[in-house]
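Notes for the structure review
Residues per chain are reported as follows:
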Amino acid sequence: MKRFENRVAVITGAATGIGSAAAERLAAEGAIIEILDIKDAVETVQAIVDSGGQAAAQICDVTNQGQIAAAVSAIETRHQKIDILVNNAGILSGRTPWHQLSYEEMNRFVQVNYLGYFNVSKALYPLLKKSGHGRIINVASRTYFLANPGQMAYVASKGAVMGMTRVMAKELGEEGITVNAVAPGMVATPGTEAHSNEEAFNRVMMNQAIKKRVTPEHLAGLIAFIASDDAEMITGQFILCDGGGYLH
Ligand SMILES: NC(=O)c1ccc[n+]([C@@H]2O[C@H](COP(=O)([O-])OP(=O)(O)OC[C@H]3O[C@@H](n4cnc5c(N)ncnc54)[C@H](O)[C@@H]3O)[C@@H](O)[C@H]2O)c1
C-alpha cells in the first residue's frame, strides 16, 4: 500500500516549479491531487494522470476570496475532506533597495506570499479537520535568515509565513494537524529564472556544503516526508533543503 493512498492533497501554485514537483511526488505515492493556481496546471495534471495517478486543477488566485470559496466547494463535493495542504503559490523578486519599494509593491508581496497562505488555510480548515492526520506545509524561504539586500518585500512576506506556521502549529496540535515550513535553497524554476542567471545559480551552489544544484524534486521529497505518518511529531518547524548553504 502506498503511503498516501486515500489521502487528498491540495497544492497551490503547482502549475510549475516546486509545486508541480511536489504534486507529482505525492501523486506517485498514492495521493489524490487538487491544484489551485492562477495559471492553467494542465501539464502537471496530465503528467500525473499519464503515470496512473489522480489529479484535478482549478484556476484560483490565492488572493481572491470568491475564487477560493468556489474552489474549496468543488473540492468538498469531490472528496468531503482533505489530508494535506501545501501552501506554495508565490511570487519571487529581483532586487530593489527598500526605500525605493512602493506601498503597492510591498502590499502585492504580502497579499500573495503571506495572506495567500492564510486565505487558503482558513478556507480549507473545515475539510482538513476531518482528516485525523492533517498536514499543512508552507513553502517559505531561507532569505529570512540571509536578509538579502534588495529583497525586503519578498523576505518580509516569507518571514511572516514563519510566524504564521509557528502559531498555527500550536493552535492545531489538539486536532492532530501538524504545521511546518520548508525552505528551498536556490532552485531553478520559471519563478527564479526570471530574475537570475546561470552564474548566480552556480555562485549559490558553490557556497553550499554539498556542491550540487538543489532541484524541485529535492523539495518534493522533503514535503512528502513531512506529509507522511513518519512526521506526526514534527510540527512548528522550519526545515531547510539547501545543501547546507545556510547553517543556523
Ligand atoms: N525556487 C526557489 O529558489 C525558491 C526559493 C525560496 C522559496 N521559494 C518559494 O517556493 C514557492 C514556489 O516557487 P517556484 O520557484 O516554484 O516559482 P514558480 O514561479 O515556478 O511557481 C509559482 C507558482 O505559483 C503560482 N502563483 C503565483 N501567484 C499566484 C496566485 N496569486 N494565486 C495562485 N497561484 C499563484 C504561479 O502561477 C506558479 O505556478 C514560492 O512560494 C517561492 O517563494 C522558491
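The preceding data block contains the structure.
The present account deals with the structure reproduced in this document. (Residues numbered from 1 in each chain as written. Predicted model: local features only at pLDDT ≥ 70, side-chain atom pairs only at ≥ 80, totals over all residues.)

Taken together, 29 residues lie around the ligand, and Gly13, Gly17, Gly90, Thr189 and Gly191 are the ones closest in. Secondary structure elements with two or more residues in the shell around the ligand: helix H1 (17-28), helix H4 (103-129) and helix H7 (190-193). Counted by class, the shell around the ligand contains 13 nonpolar, 13 polar and 3 charged residues. (Near = placed C-beta within 6 Å. Helix = DSSP H or I, 4+ residues; strand = E, 2+ residues; numbered from the N terminus. Nonpolar A, V, L, I, M, F, W, Y, C, P; charged D, E, K, R; others polar.)

Quick look at the sheet that holds strand S6 (residues 178-184) now. Pairing in this open sheet of 7 strands is parallel, and the strands run S3-S2-S1-S4-S5-S6-S7 from one edge to the other. Strands with a single pairing partner mark the edges of an open sheet, and in this sheet they are strand S3 (54-59) and strand S7 (238-241). Each strand of the sheet is rotated relative to its neighbour by a mean of 20 degrees, with strand direction disregarded. Here strand S1 (residues 8-12) pairs with strand S2 (residues 32-37) via 5 bridges, running parallel. Considered in S2, the bridge of Ala9 is made with Ile33. The strands touched by helix H3 (residues 65-79) are S1, S2 and S3; relative to S2, the strand with the most contacts, the crossing angle is about 170 degrees. Where helix H6 (residues 152-172) meets the sheet, it contacts strand S5 (135-139), S6 and S7, and its direction lies at approximately 155 degrees from that of S6. (Pairing = 2+ DSSP bridges. Axes fitted to C-alpha atoms, helices over the stretch in contact; angles between N-to-C directions. Contact = placed C-beta atoms within 7 Å.)

Attention now moves to helix H9 (residues 216-227). Since the α-helix advances by 3.6 residues per turn, residues separated by three or four positions end up pointing in the same direction. Here H9 spans 16 Å end to end across 12 residues, near enough to the 16 Å set by a 1.5 Å rise per residue. Within the span of H9, buried status applies to Pro216, Leu219, Ala220, Leu222, Ile223, Ala224, Ile226 and Ala227. Elements that come into contact with the buried residues of H9 comprise S1, H1, strand S4 (84-87), S5, S6 and S7. (Expected span 1.5 Å × (residues − 1). Buried ≥ 20, exposed ≤ 12 C-beta atoms within 10 Å, placed from the backbone.)

Let's shift gears to the nonpolar core. Ala9, Ala22, Leu26, Ile33, Val182 and Ile223 are the most contacted members of the largest nonpolar core, which has 66 residues in total. The residues touching Ile33, leaving out its near neighbours within four places in the chain, are Ala9, Ile11, Ala23, Leu26, Ala27, Ile48, Gly53, Gln54 and Ala55. One finds Phe109, Tyr144, Met152 and Ala153 within the second-largest nonpolar core, a separate group that totals 6 residues. (Core = buried A, V, L, I, M, F, W, Y, C linked by C-beta atoms within 7 Å.)

Okay, H1 next. In this model H1 runs 17 Å from its N-terminal to its C-terminal C-alpha over 12 residues, within 8% of the 16 Å that 1.5 Å per residue would give. With respect to burial, H1 is a largely interior element, 11 of its 12 residues being buried. Residues Gly17, Ile18, Gly19, Ser20, Ala21, Ala22, Ala23, Glu24, Arg25, Leu26 and Ala27 constitute the buried set of H1. Note on H1: the residue one or two positions beyond its end, Gly30, has a positive phi of about 105 degrees.

We now examine the pairing of S4. Along S4, one buried face is formed by Ile84 and Val86 and the opposite face, lined by Leu85 and Asn87, is buried too. Two strands pair when backbone bridges link them, and S4 and S5 are joined in this way by 4 bridges, in the parallel orientation. Its bridge partner lying in S5, Val86 is registered against Ile137. Handedness of the S4-H4-S5 crossover: right-handed. (Right-handed = clockwise from strand over helix to strand, strands pointing away.)

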